[in-house]
Amino acid sequence: MVRYTTPIIPMTVDADLTGFNIKVTLTQGDQKVTKVVTEIEVEDNVTSFSVPLTQQESGKFSATSKVQVQVNAIDANGTRLATDIEMINIFENLLPEVLSYGG
């Protein structure tokens, strides 16, 4: 992921998360972004979805170390699942600022 861009992070979880509330958390040091997942696809007991970040969100992370990513999900019965923590590489941007169209 490149800082200050709008990446869409594809994710898969080896479970059927139909009916679950799903949150994805990205952390690095004291920086944290949590996104709510609203659209999923389930096939063969595997749930797939994408997590979009804003320029501001991707800009929070430093290119000096990886970002930790974890999925948490809970259903109406209180059953909660959490994935193992994965790591994402962060790359520097030579224009480290939020851009706007026409600006």
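So, a few notes on the structure that sits alongside this text. (Residues numbered from 1 in each chain as written. Predicted model: local features only at pLDDT ≥ 70, side-chain atom pairs only at ≥ 80, totals over all residues. Heavy atoms only, no water.)

## Regarding the overall build of the protein chain
We count it as follows: Working definition: helices are DSSP H or I runs of at least four residues, strands are E runs of at least two. Numbering for both runs from the N terminus. Buried means the residue's accessible area, taken with a 1.4 Å probe over protein chains only, is under 20% of the maximum for its type, while exposed means over 50%, and partly exposed covers the values in between. Two residues form a contact once any of their heavy atoms are found within 4.5 Å. Residue-level accessible areas treat just the shown protein chains as cover; the underlying method is Shrake-Rupley with a 1.4 Å probe. When charges are counted, Lys and Arg contribute as positive and Asp and Glu as negative, whereas His and the chain ends are disregarded. To locate a charge, the coordinates of NZ of Lys, CZ of Arg, CG of Asp or CD of Glu are taken.
A count of helical and extended segments in the protein chain gives one helix and eight strands. Starting at the N terminus, the α and β elements of the protein chain follow one another as β-β-β-β-β-α-β-β-β. Overall size of the protein chain, expressed as C-alpha extent along the three principal axes, is 45 × 30 × 20 Å. By residue count, 34% of the 103 residues in the protein chain fall in the buried class. Taking the intrachain contacts of the protein chain between residues at least 6 apart in sequence as the baseline, contacts between residues at least 24 apart amount to 67%. Carbon and sulfur atoms form 49% of the exposed surface of the protein chain, whose accessible area is close to 6800 Å². One finds the centroid of the 7 positive side-chain charges in the protein chain at a distance of 12 Å from the centroid of its 13 negative side-chain charges.

## Some details on the pairing of strand β2 (residues 21-28)
Inclusion rule: Two strands pair under a simple rule: DSSP has to find at least two bridges between them.
Relative to strand β6 (residues 67-74), β2 runs antiparallel, the two sharing seven bridges. Note on β6: the bridge partner recorded for Asn 21 is Ile 74. Linkage of β2 to strand β3 (residues 31-37), two consecutive antiparallel strands, is achieved through a turn of two residues, within which Gly 29 is found at a positive phi near 60°.

## Topic: the pattern of salt bridges
Let me state the cut-off plainly: The salt bridge criterion pairs a side-chain nitrogen of Lys or Arg with a carboxyl oxygen of Asp or Glu, the two atoms within 4 Å.
Enumeration over the complete set of coordinates arrives at two salt bridges. Measuring nitrogen to oxygen at the nearest pair gives 2.8 Å for the salt bridge that ties Arg 3 to Glu 92. In this pair, Arg 3 sits in the segment before β1 (8-13) while Glu 92 sits in the segment after β8 (86-88), placing the two residues 89 residues apart along the sequence. On the basis of relative accessible area, Arg 3 is assigned to the buried category, the value being 13%. For Glu 57, the salt bridge goes to Lys 35, with nearest N and O atoms at 3.1 Å. Taken together, the positions of Glu 57 in helix α1 (residues 55-59) and Lys 35 in strand β3 put the pair 22 residues apart, joining distant regions of the chain.

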